[in-house]
Amino acid sequence: MADSESEDSDGEGGLGNVSRIIIRPPGVSGKAKRGHLCFDAAFETGNLGKAELIGEFEYDLYLRPDTCNPRFRFWFNFTVDNVKQDQRVIFNVVNMNKARNLFNNNLTPLVKSSSRPKWQRLPKKHVYYYRSPVHQNHYILSFAFSFDKEDDVYQFAVAPPYSYSRLQSYLNFIENRQQNDKKFVRTSLAKSLQNRNIDLITIDEISCKSKSLRTERSFIRVIVILSRSYGNASPASYMCQGFLEFLLSTHKIAKILRENFVFKIVPMANPDGVFLGNNRCNLIGQDTNRIWHVANEFLHPEIYAIKNMLKEIDNSDIFQIDFVIDLHAHNSLHGCFIYGNTYEDVYRYERHLVFPRLFAAHVKDFAANNMMFNADDKKVGSARRFCCERLSDTVNAYTLEISLGGHYLKDGKTVALYTEDGCKCGRNLARTLLHYYRFINILAEPLPTDVRAKKRRPRTHQARSRSRQRYEVKPRPKTTRCSAPISYTNLSISYDSGGSSDEAFSPERHYRYAPRSSHLSGYRSYYRNPSSSLLSQAQDQFTLLRIKSGKFDTLHCGYKIGSKIPTRSTPLEQNEPKFEVSINIPPKPYLSIIDLNQLTRGSLNKKSNSFEYS
């Protein structure tokens, strides 16, 4: 019984949220004093059914179940005031219906006050999630807290709330922000049971252009985004707002997406459940993500209106639905992940896997281990199962989940908690859509010139003044090592005039330095000119010793290195130094067997006498 989910709703009283209830100690009556805590949850998205003082500093808190459905109890959002300076208390949330949740895995409640409006997580050392034998061995969430300011009003919640009023304020803001350049159209699909709007944001720049564009393409691709089917899925609203904000921006990716696709965005599919502070259900206790196959206009006007919109687009000859992505928040797993469908058609199933794989490559907090594809009969009434069975085969329907807590870092142990400003999954969703359509060749790949260039320094930047002090480069110290002396004096050899395989290294080559180069550059160009008289005069000068020393006898060849080749009429310079060395170049020997172990510096002359030449 302890492991299973609690189905009863004992202790709540069934009277709705508490409204300015002051808890006095036993035997105390009259006007409340400082330290007699005042609990309140009678506001939008609030949830707290009952509070009891069980000790001097300890309170038992009972969550109000969803309206007309006592099964779901997990979301809480309430305030506490009339506190005393440095008052310490212990709160026990005693009737959560789900035993396995993120409180088992380092999730802690959020808190903020009137003087510190930013949400902060409580330290883990002050939060406990355990089985309590006093409460029928159910799991209890206990956390200790110390009130440090008497005049503040403290608010506690599971996740940062995102109310229906906040959504309306945001939509009014972005609608007034666009003046002449209207990027979207805001309409209402239907009214909820409590007469709240089911807003629809349509981004359609294709239909606004000339009609000739429709004839150029066979159909217009549509992407449908649904959000906030559950009241506790406030991170899904932040993700949807991030997606919408990025899509309406001036970013290059957003501009490409708006010019090529039509977006239909329903930012809040269950406004009554969000307003009432329900965990999952709408006003009449229906789970809005389990009744898609039986939804009707009287009991489920929100889902019924969204279904009609999807069917109308799917049956159109102009539009084609490519994606239906339902944004949710998960209270048991960390990270961001996708739930998909399975199909008997292998090709459709492989096509269905492409987008999740691309999304995993673009999102750093993606949890691949939590991703799941199934055709479970229990989920037959969900949005993704309905769209894959009742719509065309081209539709890819997914449930995109984001954790109520956070995501694991690279070490696999540390959890980075999500905040209001840190949920970037919506922008990553838009980037993945662009990558997907480029992957299937619907959009062209960017040219190299379109790639963002590296940031350069502005023109106003002034480079640092270089130091005028110059450091003298010291010459490299000479070493004592030298090459072994090799003597060719006893080798009088003549070359054959017929040419050989070593023709490229024949001394009958004329060497000229490359243009605009010095004799130290090392770049030469070789060409053959055996009839030149200058080559015959300089034939004996290009020897190993003179090439190594870089000095040539210019007396006989009539030109200097690095200068133009003179003609015969050019006078020779008289002051040129002469290098007269009687050295002959050895020819190429025939193949002979030589013992390399005996070939030393001293025996080189002996071995040279044993060579046989032709």
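Definitions and limits used
Residues numbered from 1 in each chain as written. Predicted model: local features only at pLDDT ≥ 70, side-chain atom pairs only at ≥ 80, totals over all residues. Heavy atoms only, no water. Disulfide = S-S within 2.5 Å. Buried < 20%, exposed > 50% of the residue type's maximum accessible area, 1.4 Å probe, protein only. UniProt positions renumbered as here; feature names shortened; annotations may be inferred. Helix = DSSP H or I, 4+ residues; strand = E, 2+ residues; numbered from the N terminus. Contact = heavy atoms within 4.5 Å. Salt bridge = Lys/Arg side-chain N within 4 Å of Asp/Glu carboxyl O. Pairing = 2+ DSSP bridges. Axes fitted to C-alpha atoms, helices over the stretch in contact; angles between N-to-C directions.

(A) Quick look at the state of the cysteines. Considering all chains together, one arrives at zero disulfides under this definition. The thiol of cysteine 336 is not disulfide-bonded; the next cysteine sulfur, from cysteine 425, is found 3.1 Å away. Judged by relative accessible area, which is 0%, cysteine 336 ranks as buried. Lacking any disulfide linkage, cysteine 388 is separated from the closest cysteine sulfur, that of cysteine 387, by 7.9 Å.

(B) Here's a closer look at the UniProt feature "active site" (unreviewed entry) in the protein. The feature "active site" (unreviewed entry), as given by UniProt, occupies Glu401 in the numbering adopted here. If you trace the backbone, glutamate 401 turns up in strand β19 (residues 396-403). For glutamate 401, a relative accessible area of 7% translates into the label buried. Leaving out residues up to four positions away in the same chain, glutamate 401 has contacts with His328, Ala329, His330, Gly335, Cys336, Phe337 and Tyr339.

(C) Layout of the pattern of salt bridges. Taken as a whole and assessed by the stated rule, the structure comprises 14 salt bridges. Here aspartate 151 and arginine 34 are joined by a salt bridge, their closest N and O atoms 3.6 Å apart. Of this pair, aspartate 151 sits in the loop between β10 (138-147) and β11 (154-157) while arginine 34 is found in the loop between β1 (21-22) and β2 (38-40), placing the two residues 117 residues apart along the sequence. Using a relative accessible area of 67% as the deciding quantity, one classes aspartate 151 as exposed. Overall, the relative accessible area of 39% leaves arginine 34 in the partly exposed class. Across the pair glutamate 389 and arginine 385 runs a salt bridge, and its minimum N-O distance is 2.6 Å. Within this pair, glutamate 389 and its partner arginine 385 are both found in helix α9 (residues 383-390), separated by four residues, close to a single helical turn. By relative accessible area, which is 5% here, arginine 385 ends up buried.

(D) Just the sheet that holds β2, in detail. With antiparallel pairing, six strands are arranged side by side in an open sheet as β1-β2-β5-β11-β7-β8. Bordering the open sheet on either side are β1 and β8 (120-121), each of which pairs with just one other strand. As defined by bridge partners, strand β7 (residues 110-113) adjoins β8 across two bridges and the pair is classed as antiparallel. In the sheet register, leucine 110 faces β8, and the bridge partner there is arginine 121.

(E) How the structure looks around the sheet that holds strand β12 (residues 185-191). If you walk across this open sheet you meet the eight strands as β12-β13-β15-β14-β16-β19-β17-β18, and the pairing is mixed. Every other strand in the sheet has two partners, leaving β12 and β18 (372-374) as the edge strands with one partner each. Sheet twist, expressed as the average angle between the axes of neighbouring strands with direction ignored, equals 20°. Relative to strand β16 (residues 319-330), strand β14 (residues 220-227) runs parallel, the two sharing eight bridges. What sits directly across from serine 227, in β16, is leucine 327.

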